[in-house]
Amino acid sequence: MAAVVAEQRELGRLSALAVYRRMAGAGRMERRRRGAPLPAGRKRAKARPRRGRAGGGGSKPEAPPPTVLPSRVELPVEAPVEGPVEAPVEASVEAPADPRPEATAAGLDSKPRGGSKAMPGGPRPAGEDGGGVSGLLRRLAGLEDSRQRAAELFRWLLAPVAPAEFLRRHWERAPLLLRRGDPGYYAGLFSTADFDAALRGGEVHFGTHLDVTSYAEGVRETHNPSGRALPAVVWDFYQNGCSLRLLCPQAFSPTVWHFLSILQEQFGSMAGANTYLTPPGTQGFAPHYDDIEAFVLQLEGKKHWRIYRPRTDAEVLPQFSSPNLTQAELGEPVLETVLEAGDLLYFPRGFIHQGDCLPDAHSLHITVSSYQRNSWADFLEKLLPAALQMALEEDVEYRRGLPMDYLQYMGVANSDTVDVRRTAFVEKVQSLIKKLVDYAPIDAAVDQRAKRFFHDCLPPVLTQSEKAQSVYGFPARWQDGGPCNVDILITKDTEVRLLRHGIVRLCNEEAGVMLYYTTENSRVYHKEELKFLELDPEYTDSIEFLLSSYPNHVSVANLPCETLEEKISLATLLFEKGILTTKKPLAKI
């Protein structure tokens, strides 16, 4: 015991970082370096897709960052996707404005004047009316159509650049820097106070929800202890120069959950997020590229960023993220800047990036990500096996045997051989591949992709009026020794509609007609199994009718079922699953 006390006196106060280093030992420290050769026949591990594992890291520069930004570089008007990767554009707030949601004095459930059309007005910060991002979300709730809410949120995110211009010039092509000069633009989305509140909630665990990282002298380390991430330990790590990455802020922040649940309908792909809190004068991540489209929203402080183009054609729009890279592998950045609160930086997957904090300020940013494994190749991985299976079942040509002697003239050893049999073999393969298109179940493959997306989706966030008009506000309760107000009294005159357009997907599968839905998903990625209802085929027309009628309400009597009993039965089932809402709250008994 005396020896321990003496050691503590010698070392002074032991930080959480020092304790971790002593307990973990050199063998357990995660030292991620690029360039170490792998054993023969081994492949680098591919990152398992997780909600919100977006990029955001960097390396401490050898010299202080320049105080003058690089000169502005403009893109050609037409930028072919297949062409070379192009230079970034910096846009200032003086750029041409795009119509934005306008603040109203109405509450969360009010409807905009003139129906569900877009709210007029120019680009405006979320905090201009004092409401921050929460105020923006309240204004968007006034739009009846969830697709329009998603489009307006995307427009606000990119303002002052118009979404059409962004998609034409930047999406999957080149970085975009937006300097807004408005520290309050993202007010209310997420803050260091929210970070602290999440820790104090007691549900954050090291590794699962929070990573403690550092990057110094070319070495990237992760310092995660086991168990719960208690505030005293986490903030001690931070105080000793470690960065903090919260992997699933939507699980702890209702505002981030609401923000992403709307945005995912715009992308048609999982929208995830990570938050990164970095102490002054440090960085927590090595340079790397990611497999997602990244939108970096600077929430507090400032951060120095360097962005590099993909090094090879194979790294343009990669399917998987890179291991950590060394400075020697990077070349010159195509963009170097200091993000301040309210700014946005977008870069496509495959663009190498690193960010470090300046000595005079901490940094808090959130990286919103999407389009992980959402390429044509990922779609074809579903489509081609299904096409081949259908061809096998329907066309005898695919079932005929290979030539008995094909091994004699085919294969790499015979690739330079001139042989008519070889020519005939190649032509036969080409013919069968060409015919395969005729058997491709394209729509069925799209539905399989949709199922994956629906499993990834966040559940919708309901307004107070939506709760009152849905099963979540139904007055069933325990009273006077028993349950009361239990019966859901839907009649032929009850007017209903889908809660959101993007919450259901009808799929005709081998096992039957399935209706997949997202209302019972979890805020934690894949915590719940994929949710679905198996429907009788005669209900298919009614689901399609509800989809085509959205956002308008329709009476239950107008559902195209054969009998009134079936109409009421279907509407009641969908109401109980939170899929349908009523125009007026169901009357209390």
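Keep in mind the model is a prediction, meaning the values are calculated, not measured. Residues take numbers from 1 onward in each chain, read along the sequence in its written order. Only residues with pLDDT of at least 70 are given local features in this predicted model, and only at 80 or more are side-chain atom pairs given and counted; all residues enter the totals for whole chains, interfaces and linings. To obtain the side-chain values, all non-hydrogen atoms of the structure were used and water was disregarded.

### A short note on the sheet that holds strand 17 (residues 531–535)
Part 1 of the reasoning: In spatial order, the strands read 15-16-17; together these three strands make up an open sheet with antiparallel pairing. A single partner strand is all that each edge strand has here, and the edge strands are strand 15 (504–509) and strand 17. Each adjacent strand pair in this sheet contributes to an overall mean axis angle of 25 degrees, direction not counted.
Part 2 of the reasoning: Relative to strand 16 (residues 512–517), strand 15 runs antiparallel, the two sharing six bridges. Bridging across to strand 16, N508 finds its partner in V513.
Part 3 of the reasoning: Strands in contact with helix 14 (residues 540–549) are strand 15, strand 16 and strand 17; relative to strand 15, the strand with the most contacts, it is inclined by about 150 degrees. Any two strands with at least two DSSP bridges between them are considered paired. Put simply, DSSP H or I for four residues or longer makes a helix, DSSP E for two residues or longer makes a strand, and each gets a number counted from the N terminus. Working convention: axes come from line fits to C-alpha atoms, limited for helices to the stretch in contact. Angles between N-to-C directions cover 0 to 180 degrees. Whether two residues are in contact is decided by their heavy atoms: any pair within 4.5 Å suffices.

### With respect to the side chain of T255
Part 1 of the reasoning: If you trace the backbone, T255 turns up in helix 8 (residues 254–267).
Part 2 of the reasoning: Setting aside residues up to four positions removed in sequence, T255 forms contacts with V133, S134, L137, G188 and L189.

### Notes on the confidence of the model for the protein
Part 1 of the reasoning: The predictor attaches a confidence to each residue, and that confidence, scored 0 to 100, is pLDDT. Taken residue by residue, the protein gives an average pLDDT of 84. The fraction at 70 or more is 78%.
Part 2 of the reasoning: Residue range residues 26–84 is modelled with pLDDT below 50. Its contacts to residues more than four positions away, or to other chains, number 143 contacts.
Part 3 of the reasoning: Below a pLDDT of 50 lies the segment residues 94–130, which in the model reaches 87 contacts outside its immediate sequence neighbourhood of four places, other chains included.

### Overview of the sheet that holds strand 18 (residues 554–555)
Part 1 of the reasoning: Taking strand neighbours across the sheet as the criterion, the three strands line up as 18-14-19 in an open arrangement whose pairing is antiparallel. Single-partner strands in this sheet number two, and they are strand 18 and strand 19 (580–582).
Part 2 of the reasoning: Sheet analysis places strand 14 (residues 495–498) next to strand 18, joined by two bridges and oriented antiparallel. Opposite E495, over in strand 18, you have S555 as the bridge partner.

### Points about the nonpolar core
Part 1 of the reasoning: Core analysis: the biggest nonpolar cluster contains 59 residues, and W156, F166, F195, L210, F259, F295 and L297 have the highest contact counts within it.
Part 2 of the reasoning: Among the elements that take part in this core, helix 8 stands out by supplying seven residues, more than any other.
Part 3 of the reasoning: Contacts of F295, omitting those with residues within four sequence positions, involve F154, L157, L158, F166, W171, F267, L345, Y346, I366, T367 and V368.
Part 4 of the reasoning: Counting 30 residues, the second largest nonpolar core, distinct from the first, contains L506, L515, I579 and L580. The nonpolar core is taken to be a set of buried Ala, Val, Leu, Ile, Met, Phe, Trp, Tyr and Cys residues, with the residues joined through side-chain atoms within 4.5 Å. A 1.4 Å probe rolled over the protein chains alone gives each residue an accessible area, and that area as a share of the maximum for its type sets the label: buried under 20%, exposed over 50%, partly exposed in between.

### Observations regarding the pattern of salt bridges
Part 1 of the reasoning: When a carboxyl oxygen of Asp or Glu is within 4 Å of a side-chain nitrogen of Lys or Arg, the pair counts as a salt bridge. On inspection of all chains with the given rule, the structure shows 27 salt bridges.
Part 2 of the reasoning: With its nearest N and O atoms 2.9 Å apart, the salt bridge here joins R169 to E165. With R169 and E165 both in helix 5 (residues 163–169) and four residues apart, the pair spans about one turn of that helix.
Part 3 of the reasoning: Exposure remark for R169: the relative accessible area of 12% places this residue in the buried category.
Part 4 of the reasoning: Put simply, D405 and R421 hold a salt bridge, and the shortest N to O gap is 3.0 Å. Highlighted residues: D405 in the loop between helix 9 (376–394) and helix 10 (406–409) and R421 in helix 11 (residues 420–436), separated in sequence by 16 residues.

### So, the environment of E300
Part 1 of the reasoning: With respect to the helices and strands, the residue E300 is situated in strand 7 (residues 293–308).
Part 2 of the reasoning: When its relative accessible area of 17% is taken as the criterion, E300 is described as buried.
Part 3 of the reasoning: Taking the C-alpha atoms as reference points, E300 and F190, 110 residues apart in sequence, are found 9.3 Å from one another.
Part 4 of the reasoning: Two N or O atoms count as a polar contact when they lie within 3.5 Å, although within protein this holds only if one can serve as hydrogen donor and the other as acceptor, and sequence-adjacent residues are included solely when both atoms are side-chain atoms. Side chain to side chain, E300 and H362 meet in a polar contact 3.0 Å long.

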